[in-house]
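# Breakdown of the fold
Now for the letters of each chain:
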Amino acid sequence: MKINLRAISIALMAFFCFVFTQAQDFQVKGKVTDGQNTPLESATVYIETVQDSTLVNYTITDVEGNFTVDGSTKEEQVNIFISYTGFNTYKKQLSLKENPSIDLSTVKLNFSTNNLDEVLVTGNRAPVTIKTDTLEFNAASFKTRPDANLEETLKQLPGVNVDSDGTITVNGKEVSRVLVNGKEFFGDDPKIATKNLPKEIIDKIQVVDTKTKSEEFTGKEGDSENKTINITIQEDKNKGYFSRLTAGGGTDERYELSGIANYFKDELRVSVLGSSNNINSSGFTFDEVFDAMGRSAYSITRNSNGNFSINGNGFGSNSGITKSDNAGFNFANEWNEKTELNANYFFNRADNRTATTVERENILPDRTYYNNSESTSERQNDNHRARVSFEFEPDTLTRISFRPNLNVNDGYSSSNSFTESFEEDGTPINNATTEQSGEVFNTDFSNRLDVTRKFGSKGAYVRLGFNNSNTKSEEDQLYYSSREIYEDGTITETQIQDQYIDEDSKEDEYELQFDSRVPLSEKLSLDLEYSYTKANRNNTRLVYDRTENSDEFDLLNNDLSNDFESETFDHRPEAGLVYEDDKLRASISGGLQSIRLKNEDLFTNNSFDNTYNNLFVDSYFRYRITKTKSIYFNYRNSRSAPSINQLQPVTNTTNPLNIVTGNPNLDPSQEHSFYSNFNNFDFKSRSGFYMYLGGSFYNDQVVSFTTTDEDLVRTTTYTNVDGAYNLFGGFSINKRIELEKGATLSPRAGLRASVNRNVGFTNGVQFNSKTYSLTPQLSLKYEIDDLISIDPNYQLTYNIANYSLDSSRDQNFINHNLGAEITTYWPKNFIFGNDISYQHIGNMSPGFKNDFVLWNMSLGYKLLGDDGIVKVKVFDVLDQNISTSRYTGEDYIQDTQQLVLEQYVMFSFTYKFSKFGGKDPNDRRRGRF
């Protein structure tokens, strides 16, 4: 199918020109000060209609207190409000008919008599309020459909962006948590909250820096590079329930079932959920349009090992088709403002089926050879996750926190594969057939215990922490392989492995922490920290060969077995200075990291004991130029110990063509990393700008050291190298333009760039590769309330790859991605969604299709007073879902074909029922916000 890109571009340009030609009908300007004529920066200025208090427009004052509000309205009389934390709200009625251009000159705000640091005057309904560390939105001020959820509300907020996969960013910074009244809604998955909380009950939406519980209690600065959204529920609606159920069936025996129910009363909240489907879905998206299909069903990413994923569903190592069953509950409550309990449990069963075909070209310093392989697998895994958070404050200065977590996996898998290797002229070299089946059971228990005591009112505190992590794995496996070796095209040798493998591993890690803050002045503090971590790791792998002419596995293979122990002792004393005022927040700290690494192999009596000392630095600063504009920079360095698989000196032959042996003499790797950004959101122009630059440099990086013999059997171990690094940078800009008749236009543009240098070995020869990537992207969302949403987007990725091993394999190619999401809400009660994308992959090998159109479609009809919706969805309308990819590594080129989910049609019905504060929020007589 051919796409006329020029025609599409001309049409889009004509469309943009049309929607941008909108006029302004009024303008109000002025300056806001306090009683001493001091300008008030970030005061909220907003205009409402007199008749029904509908928000017309708003802005924020600049650093000099100046503001300009312009827009269009049919109203002749409007009210203007000016609010600022700690001051009485200013209100005045304006006549736009007599004077559409009004200058209020200087407006002086008076202090509120009931002022507290974080208290606003009762009755203030400012759409946006900017406090020192909090950006607060009044949900009712932003118009959405009557049945909107939290995610749809977030999309209307200035500076907030919600990606197709549900990821939320605020002025370019990702939101890591979503809380409801300061508490987790359902574990740590923010999407369950954003997809299910109805706007009807939401009062405020607050954006703050992400903090740990200890940081919240002590007032210590949090992570300014990650954001937390806290949803406050209207007081008169903080009791009731809301539920949602979905059932669907489709072609090719596809189905989906899901449900979630929530009950809350004041500080008590109980949630339960459950789902089952065979369409690779988590089951809890609850998107009105596309839900289980995902909103960009073909967002493809590639990993360094050649695997890739679509919408988070892995292909390669975790590809195929998955049937999943889920169930869980969450309980949260608070007693006497001193004790808080939050507990949740989640169960998941996943049945996964895969089939993979790989064609791979391998480049050695002196020759080239090829591998072809085919493999299938079936896996079933039961996962149980439970978490408890208990917090107790015996008085206002003391806090005790206890957070245990338990994760249990019980699984079974079976797989078959065939791999053959041959020369460039097609002469066979070897082949291998493998069959594996096994059971695995592992548990992971962790816990965090914190005791914090505050002193005085200047931020002094002492905290003691104890963390532990205890992981245990038991695996039993039956393994069979047959490897045939050729010479001059004739089989000369056949090697058989018929084994039972009993592998147990255990890792126990305990950490003791102490940190305190001592104020030296109003703005300067001394931080003292010390942590001690001890980790014990043990891996026992016993390989038994089958006795000849017997069904018993009773011959212990000492060469392939091991009993390996590793101990790590990590001491980190640290001291630093922290400076904080209204503009600048900065910290610099340093210390000595002493790592002692002890390894012992009980089978071979080999042992290793060494200590590594590293002076480290951890620093950052954030300067707030204005309340909406800031710059940030950090630098840190650290060392990390190799994994037990990289250390243990035992030979692993489960892949007979790639034999792996660990290296007990590895050094810990060292990383130097930095990150900086500039962040700004201009409320006057509704535009946000975010620019960033970062990178990491590595010393003693652990890499594979591979040699290949004449029979093309690869032997891999590990070694340390220097010289690897990665650099990245980019920017994004977004703007929201209010048009006439409830229409909005939201253009977004961005650029990403990266440079990576990797170092490795093949046949004893060190090589390096450099990859460069430049990705500009552009999107434009046009919406008319309750009618249509059009979101076209385009992304180009320019790639360059240089390889020292063979310069003839250098790559230079361009990928294109053009898409559009179109949703209509007309005729009444109908929702029609289309998600269309065109992709062109520039480096696909001959014989593989390198451009394709992918299309998801959904048509829904609301009934039962908007409580129900019947829907038909078509996954991959044109039946062009690709299952092939090409990846170029440092010493190979690989083409992969996967088993993937193919076209299906799904019919479903969703019903929701709820009640808040004694009223049914779905009663259509309630009116609109």
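Residues numbered from 1 in each chain as written. Predicted model: local features only at pLDDT ≥ 70, side-chain atom pairs only at ≥ 80, totals over all residues. Heavy atoms only, no water.

### Some details on the sheet that holds strand β3 (residues 55-60)
On the basis of which strands lie adjacent, the open sheet formed by 4 strands has the order β3-β2-β5-β6 and antiparallel pairing. Only two strands of the sheet have a single partner each, and these edge strands are β3 and β6 (90-95). Strand after strand, the sheet turns through a mean of 20° between neighbouring axes, direction not considered. As defined by bridge partners, strand β5 (residues 77-83) adjoins β6 across 6 bridges and the pair is classed as antiparallel. Bridge pairing in β6 places V78 opposite L94. (Pairing = 2+ DSSP bridges. Helix = DSSP H or I, 4+ residues; strand = E, 2+ residues; numbered from the N terminus. Axes fitted to C-alpha atoms, helices over the stretch in contact; angles between N-to-C directions.)

### With respect to the pattern of salt bridges
In this structure the tally under the stated criterion is 33 salt bridges. In this structure, E529 engages K220 in a salt bridge whose closest nitrogen and oxygen atoms are separated by 3.9 Å. A residue pair is termed long-range when its members are at least 10 positions apart, and E529 in strand β29 (residues 524-546) and K220 in the loop between α4 (213-218) and β15 (223-233) qualify at 309 residues. Judged by relative accessible area, which is 29%, E529 ranks as partly exposed. Between R596 and D609 there is a salt bridge, and its shortest N-O distance comes to 2.9 Å. Residue R596 is located in strand β32 (residues 584-601), and its partner D609 is located in strand β33 (residues 606-626); the two are separated by 13 residues in the primary sequence. Residue classification places R596 among the partly exposed positions, given a relative accessible area of 33%. Take D609: its relative accessible area is 44%, and that puts it in the partly exposed class. (Salt bridge = Lys/Arg side-chain N within 4 Å of Asp/Glu carboxyl O. Buried < 20%, exposed > 50% of the residue type's maximum accessible area, 1.4 Å probe, protein only.)

### Observations regarding the sheet that holds strand β1 (residues 26-33)
Backbone-to-backbone hydrogen bonds pair the strands of a sheet. The strands run either parallel or antiparallel. Spatially, the 3 strands line up as an open sheet ordered β4-β1-β7, and their pairing is mixed. Of all the strands in the sheet, the pair left with one neighbour each is β4 (66-71) and β7 (101-108). Strand after strand, the sheet turns through a mean of 15° between neighbouring axes, direction not considered.

### Notes on the nonpolar core
Ranked by size, the top nonpolar core spans 40 residues in total, and within it V128, F137, L154, I205 and I229 carry the most contacts. What L154 contacts, discounting residues up to four positions off in sequence, is V160, V162, I168, T194, I205 and I229. Formed by 20 residues, the second largest nonpolar core is a distinct cluster that contains F26, V32, I47 and V78. (Core = buried A, V, L, I, M, F, W, Y, C linked by side-chain atoms within 4.5 Å. Contact = heavy atoms within 4.5 Å.)

### Observations regarding the environment of F264
Residue position: F264 is located in strand β17 (residues 255-265). Since its relative accessible area comes to 3%, F264 is described here as buried. Between the alpha carbons of F264 and A332 there is a distance of 9.2 Å; along the sequence they are 68 residues apart.

### Some remarks on the pairing of strand β18 (residues 268-277)
The pairing of β17 with β18 spans 10 bridges and is classified as antiparallel. What sits directly across from E256, in β18, is N277. What sits between the antiparallel neighbours β17 and β18 is a turn of 2 residues, in which D266 has the positive phi angle 55°. By the bridge criterion, 9 bridges tie β18 to strand β22 (residues 321-335) in an arrangement that is antiparallel. Bridged to S276 within β22 is D325.

### Topic: the pairing of strand β48 (residues 851-863)
Across 11 bridges, strand β47 (residues 830-840) lies against β48 in antiparallel orientation. Opposite S837, over in β48, you have L854 as the bridge partner. For β48 and strand β49 (residues 868-875), the ladder comprises 7 bridges, and the chain directions are antiparallel. Paired with L863 across the strands is G868, a residue of β49. Here β48 folds back onto β49 in antiparallel fashion, the turn holding 4 residues, of which L864 has a positive phi close to 60°.

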